[in-house]
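# A closer look at the structure
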Amino acid sequence: MDKYDVLKKYYGYQDFRKGQEILIDSMLKGQDVLGIMPTGAGKSICYQIPALLMPGVTLVISPLISLMKDQVQALNQAGIHAAYINSSLSEFQISKALRLAVTGRYKIIYVAPERLETYEFLQFAKQTKISMLTVDEAHCISQWGQDFRPSYLKIVQFIRQLEERPVISAFTATATENVKEDIVCVLGLRTPRVLVTGFDRKNLYFAVETPQRKEGYVTNYIREHEADSGIIYCATRKNVDKLYDQLQQKNVAVTRYHAGLSGEERKQNQEDFIYDNKLVMIATNAFGMGIDKSNVRYVIHYNMPQSMENYYQEAGRAGRDGERAECILLYSPQDVMINRFLIENKEQNNGYTQEENTAIRERDEERLRTMTYYCMTTGCLREYILRYFDERGDKSCGNCINCIREFEETDVTEAAGKIITCIREVRQRYGINVIAGMLAGEDRAKLREYGVMAYPSYGSLHELNEGEIKQIINQLLTEKLLTTTGDKYALLQVTGLADEIIDGKRNVILKRMKKTGEDRNERSSRQKKNSSKTRNSDILNSRGLELFERLRKLRAKIAGEEGLPPYIIFSDRTLVDMCIKVPVSKEEMLRVSGVGENKYERYGERFMEAVREYTGGIHEKFFFGEMIDFAEDRVISEKKTEFSLTEEQAEQFPYADRYLLTELAEKLNELRDAVRMKKISGAEIFRKLQDEECVSEMFQKGMRKKIISEKGLEAGLFLDLRRSKKGTEYEDLYCDRKAQRKILDMIRRN
Ligand code: ADP
Ligand code: ZN
């Protein structure tokens, strides 16, 4: 058997994902590896497949007891002999497992790091050929990280005591340089193959919402997704309990988890969630480490978390099966205060010096600020996340709220100039609240106390309110024209870039959500539907969805009979693939992604029976559009192609008397295949027109002015007045029918 046979036979998958193959080959060659992959990328297969192909046993060190159980259950389901050894077993059970292990019964043994130094375990290790030692959650070995576990250092001593050094493979989702170096160094990896796969999780939809009443938002959301499983994270235990009570009173089936509950209740609630008895979990961040539930369809943050690291890790618990899932952060300015309070009252670690503790606090403050900007940015959220993790994303992913929501752009260069002048006047001694209040000309006791009325800038932006001024300041912070001091006062500072504004070389555009009569949630969910066809209800037609529901019920029934979490039997993704392939024979069933031989033996017949019963054995088409082959991961992993138009699409274009370029872009985007193709923007069309020398741009008093050339006028471009939300009029570029044709032609040509 080779690695492909193993993948097909035990896991039922056709192909490896990016990176998996490279790591597997290295391990099989006897090379150490370090795999850095985000949650859900498929780390387990990376070490499990070599483990099956190597002659001896593979030990997997994992800090998470619940995860071990889950993994071992999943392996056993797939027909692979595996066991775990940790404190949840009695001494008697441990001895028994080790006795069996010596006889070569298990290929893979999960073990908690504390176990490694026990006499019994060492005896076993010395009698057995250990081909590989895999360290899961390897960042726990680094003192730099937040999750340092001293017991991880025992791994090093353990390896030293073995007669023959096994191949060592380490895996983590934490990618910072320090942590990476620590892992290689402390574990003593020998010329390891280090592989960092992209952090992007394409199946996750990201959004930041600012509802008036968060509780109402959550209740609605849960009701609208009543068949889905989700997690709601709150900042404090008190919040968890409150939300839990409120939802219970509304008869929503929820459970909860935080460190203030008894161990017994936590265990019970966690199981209720994992086994889909209760679909919704409300929890503090104490919940989730080691939860491998693959069918979590949404993660809502009721409060803003303290850092992007935390956010991405927690949000990343959604959609591990690769199916579409949503990550929504409910932001309110109060969250910043709660978090600042938590940071300030965090227990200082006595092992550190005063200076080190100050450094840690400053780092925490900085992280909190970066998190806050995430909540306020109007740019692509995915791009923001990837940039934070030192990766480059597309400017527009098409699968986050900012990429699909309608914005209007306002030029705020003039106001930006006034803000910069003001900060300089007060010699950079105040934070955002004082500066905004001062510019708006507020008359508060605090402001009087500081004597800000005496400065020329006082009231120089009185036509705006404080909230609007803060929005502009935030935009300046995002563009790095301003920064703040690293302490808790966060005094606003002007950077070197700011002169570009004063000198009229740069302008600042503020993107704001368009306000329409339509309810925002309604609108964004409608847009979401248009934007991406990767949720079940978009892939499957109504007959298909009904079959999916039937298969899901069957899965729940089997799960109940066998005492297993449903997702261990088959993932949601596998069920969707069944609805697409409609398998009624063994051969067809084995072609479904996620159905290996062992699973087929156990459950294949029952699922085929359900399919037969529903379809009468006729191959009906239960999905929209063309065939989507999950085995190839096509829908989620394919890179989107640049915007283009076919002739037929161009013919469908709704020509009108006049369009702004942004409106034109919007109409064009409606014609495209949103799953495979990137959007085109008004700015891109403008650039194309520039290339054709139809238009040019000029900067006047820091304002951008669009100018139409002879050629452009000829082509049907014209300037006309447009009224901004605030009621001021300004000129913008329009195109008539003729120009619209020309632009479509231009796009079709390249
Ligand atoms: P991680 O440990 O990196 O968070 P997992 O190992 O739990 O991720 O894998 C996440 C999901 O992806 C699992 O449901 C797994 O079965 C699935 N998966 C892994 N590799 C493949 C593959 N090559 N093809 C299809 N699905 C895969
Ligand atoms: Zn985006």
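Predicted model only: the values in this text are computed from it and were never measured.

Another point: the site of ligand 1. Around ligand 1, the surrounding shell holds 15 residues, and the nearest of these are Tyr13, Asp15, Gly40, Ser44 and Arg320. With respect to ligand 1, the backbone of Asp15 contributes an N or O atom lying 2.8 Å from a nitrogen atom. Ala41 places a main-chain nitrogen or oxygen 3.4 Å from an oxygen atom of ligand 1.

Here the focus is the packing of aromatic side chains. Applying the stated criterion across every chain, the model contains 21 aromatic pairs. When the ring of Tyr221 is compared with that of Tyr298, the centres are 4.8 Å apart and the planes differ by 70 degrees; the resulting orientation is edge-to-face. On the criterion of sequence distance, the pair formed by Tyr221 in helix 9 (residues 214-224) and Tyr298 in strand 12 (residues 296-301) is long-range, its members being 77 residues apart. When the centroid spacing of 5.8 Å and the interplanar angle of 75 degrees are considered together, the rings of Phe273 and Phe287 count as edge-to-face. Here Phe273 is found in helix 11 (residues 263-274), whereas its partner Phe287 is found in the loop between strand 11 (280-283) and strand 12, with 14 residues between them in sequence. Using a relative accessible area of 0% as the deciding quantity, one classes Phe273 as buried. These aromatic residues form a ring-pair network of at least three members: Phe199, Phe206, Tyr312, Tyr388 and Phe389. The side chain of Lys214 reaches across the aromatic face of Tyr302, ending 5.7 Å from its centre. The ring of Tyr655 has Arg741 lying over it, and the distance from NZ or CZ to the ring centre is 4.6 Å.

Turning to the pattern of salt bridges, a few remarks are in order. Counted under the stated rule, the structure contains 45 salt bridges. Here Arg213 makes a salt bridge to Glu215, at a shortest N to O gap of 3.9 Å. Classification of Arg213 by relative accessible area gives exposed; the value is 54%. Taking the relative accessible area as the measure of exposure, Glu215 reaches 14% and is therefore buried. Between Asp335 and Lys214 there is a salt bridge; the shortest N-O distance is 3.1 Å. Here Lys214 lies in helix 9 and Asp335 lies in helix 13 (residues 333-344), a separation of 121 residues in the sequence. Take Asp335: its relative accessible area is 2%, and that puts it in the buried class. Salt bridges sharing partners connect three or more residues here, namely Arg297, Asp321, Arg555 and Asp572.

If you trace the backbone, Asp276 turns up in the loop between helix 11 and strand 11. The contacts of Asp276, once residues within four sequence positions are left out, are Ser229, Lys293, Asn295 and Pro566. Only 3.4 Å separates the side chain of Asp276 from the side chain of Asn295, close enough to count as a polar contact.

Here helix 1 (residues 3-11) has its buried residues at Lys3, Val6, Leu7, Tyr10 and Tyr11. Along helix 1, the residues classed as buried sweep out an arc of 100 degrees about the axis, all on the same side. Immediately beyond the C-terminal end of helix 1, within one or two residues, lies Gly12, with a positive phi of roughly 75 degrees.

Okay, the sheet that holds strand 22 (residues 729-735) next. Across the sheet, which stays open at both edges, the three strands sit in the order 18-22-21 with antiparallel pairing between neighbours. For this open sheet the edge positions go to strand 18 (659-660) and strand 21 (717-723), each flanked by a neighbour on one side alone. Sheet analysis places strand 18 next to strand 22, joined by two bridges and oriented antiparallel. Bridge pairing links Tyr659 to Cys735 in strand 22. Of the strands in this sheet, strand 18, strand 21 and strand 22 are in contact with helix 34 (residues 737-749), which crosses strand 22 at around 65 degrees.

Our focus in this paragraph is the pairing of strand 1 (residues 33-36). Along strand 1, one buried face is formed by Val33 and Gly35 and the opposite face, lined by Leu34 and Ile36, is buried too. Bridge analysis of strand 1 against strand 7 (residues 193-196) gives four bridges, and the strand direction is parallel. Of the residues in strand 7, the one forming a bridge with Ile36 is Val196. As defined by bridge partners, strand 1 adjoins strand 6 (residues 167-172) across four bridges and the pair is classed as parallel. Its bridge partner lying in strand 6, Leu34 is registered against Ala170.

Looking at the secondary structure, you find Leu547 in helix 24 (residues 542-562). Separated by 29 residues in sequence, Leu547 and Val576 have C-alpha atoms that sit 9.1 Å apart. Contacts of Leu547, omitting those with residues within four sequence positions, involve Cys579, Val611, Tyr614 and Phe622.

The next subject is the coordination of the zinc ion (ligand 2). Ideal donor angles around a metal are set by the shape: a four-donor tetrahedron calls for 109.5 degrees, a six-donor octahedron for 90 or 180 degrees. Protein-derived coordination of the zinc ion (ligand 2) comes from Cys380 (SG), Cys397 (SG), Cys400 (SG) and Cys403 (SG), at a distance range of 2.3 to 2.4 Å. Note that the zinc ion (ligand 2) binds four donor atoms; their angles at the metal cover 102 to 118 degrees, and the shape is tetrahedral.

Across the sheet, six strands lie side by side as 8-13-12-9-11-10; this open sheet has parallel pairing. Sheet topology places strand 8 (204-209) and strand 10 (254-257) at the edges, where each strand pairs with a single neighbour. Here the average twist between neighbouring strands, direction ignored, is 15 degrees. Both strand 12 and strand 13 (residues 325-330) contribute to a ladder of four bridges, which runs parallel. Across the sheet, the residue bridging to Val299 is Cys327, located in strand 13. Along the sheet, helix 9 makes contact with strand 8, strand 9 (229-233), strand 11, strand 12 and strand 13, crossing strand 13 at roughly 170 degrees.

This part takes up the environment of Tyr302. Inspection of the secondary structure assignment puts Tyr302 in the loop between strand 12 and helix 12 (308-315). Spatially, the C-alpha atoms of Tyr302 and Asn239 are 8.8 Å apart, while their sequence positions differ by 63 residues. For Tyr302, the contacting residues outside a window of four places in its chain are Lys214, Glu215, Val218, Ile232, Tyr233, Cys234, Leu243, Leu330 and Asp335. At 3.3 Å, the side chain of Tyr302 forms a polar contact with the backbone nitrogen of Glu215.

This brings us to the nonpolar core. Ranked by size, the top nonpolar core spans 168 residues in total, and within it Leu59, Phe206, Tyr374 and Ile419 carry the most contacts. Apart from the residues within four sequence positions on either side, Leu59 is in contact with Ile109, Val111, Phe121, Phe124, Ile130, Met132, Leu133, Thr134 and Phe158. In terms of nonpolar packing, the next biggest core, distinct from the first, is built from 30 residues, Leu540, Cys579, Leu590 and Val595 among them.

Another point: the domain arrangement of the protein. What the domain assignment lists for the protein is domain 1 (3-196), domain 2 (204-404), domain 3 (407-513), domain 4 (536-637) and domain 5 (647-749). With centres defined by C-alpha atoms, the gap from domain 3 to domain 4 works out at 57 Å.

Our next topic: the packing of helix 17 (residues 413-425) against helix 20 (residues 466-478). Look at helix 17 against helix 20: their axes get within 10 Å of each other, and the N-to-C directions meet at 85 degrees. As judged from the angle between their axes, helix 17 and helix 20 are roughly perpendicular. Two secondary-structure elements touch here, helix 17 through Ala415, Ala416 and Ile419 and helix 20 through Ile469, Ile472, Ile473 and Leu476.

Despite not being glycine, Lys480 shows a phi value in the positive range, around 60 degrees. Here Lys480 shows up in the loop between helix 20 and strand 15 (482-484).

Confidence in the prediction of the protein, expressed as mean pLDDT, is 86, and 91% of residues score 70 or more. For residues 516-534, every residue scores under 50 in pLDDT, and the model assigns this stretch 37 contacts once sequence neighbours within four places are set aside. Per-residue pLDDT stays below 50 along residues 628-638; that stretch engages in 29 contacts with residues further than four places along the chain or on separate chains.

Analysis parameters
Residues numbered from 1 in each chain as written. Chains lettered and ligands numbered in written order. Predicted model: local features only at pLDDT ≥ 70, side-chain atom pairs only at ≥ 80, totals over all residues. Heavy atoms only, no water. Near = heavy atom within 4 Å. Polar contact = N/O pair within 3.5 Å; in protein donor to acceptor, adjacent residues only side chain to side chain. Phe/Tyr/Trp six-rings, centres within 6.5 Å; stacked < 30°, edge-to-face > 60°. Helix = DSSP H or I, 4+ residues; strand = E, 2+ residues; numbered from the N terminus. Buried < 20%, exposed > 50% of the residue type's maximum accessible area, 1.4 Å probe, protein only. Lys NZ or Arg CZ within 6 Å of the ring centre and 35° of its normal. Salt bridge = Lys/Arg side-chain N within 4 Å of Asp/Glu carboxyl O. Contact = heavy atoms within 4.5 Å. Arc of directions from axis to C-beta. Pairing = 2+ DSSP bridges. Axes fitted to C-alpha atoms, helices over the stretch in contact; angles between N-to-C directions. Donors = N, O, S within 2.8 Å, 3.2 Å for Na, K, Ca; no water. Tetrahedral: all angles 85-135°; square planar, octahedral: opposite > 155°, others 65-115°. Core = buried A, V, L, I, M, F, W, Y, C linked by side-chain atoms within 4.5 Å. Domains from an automatic or database assignment. Parallel < 35°, antiparallel > 145°, perpendicular 65-115°, else oblique. pLDDT = per-residue confidence, 0-100.

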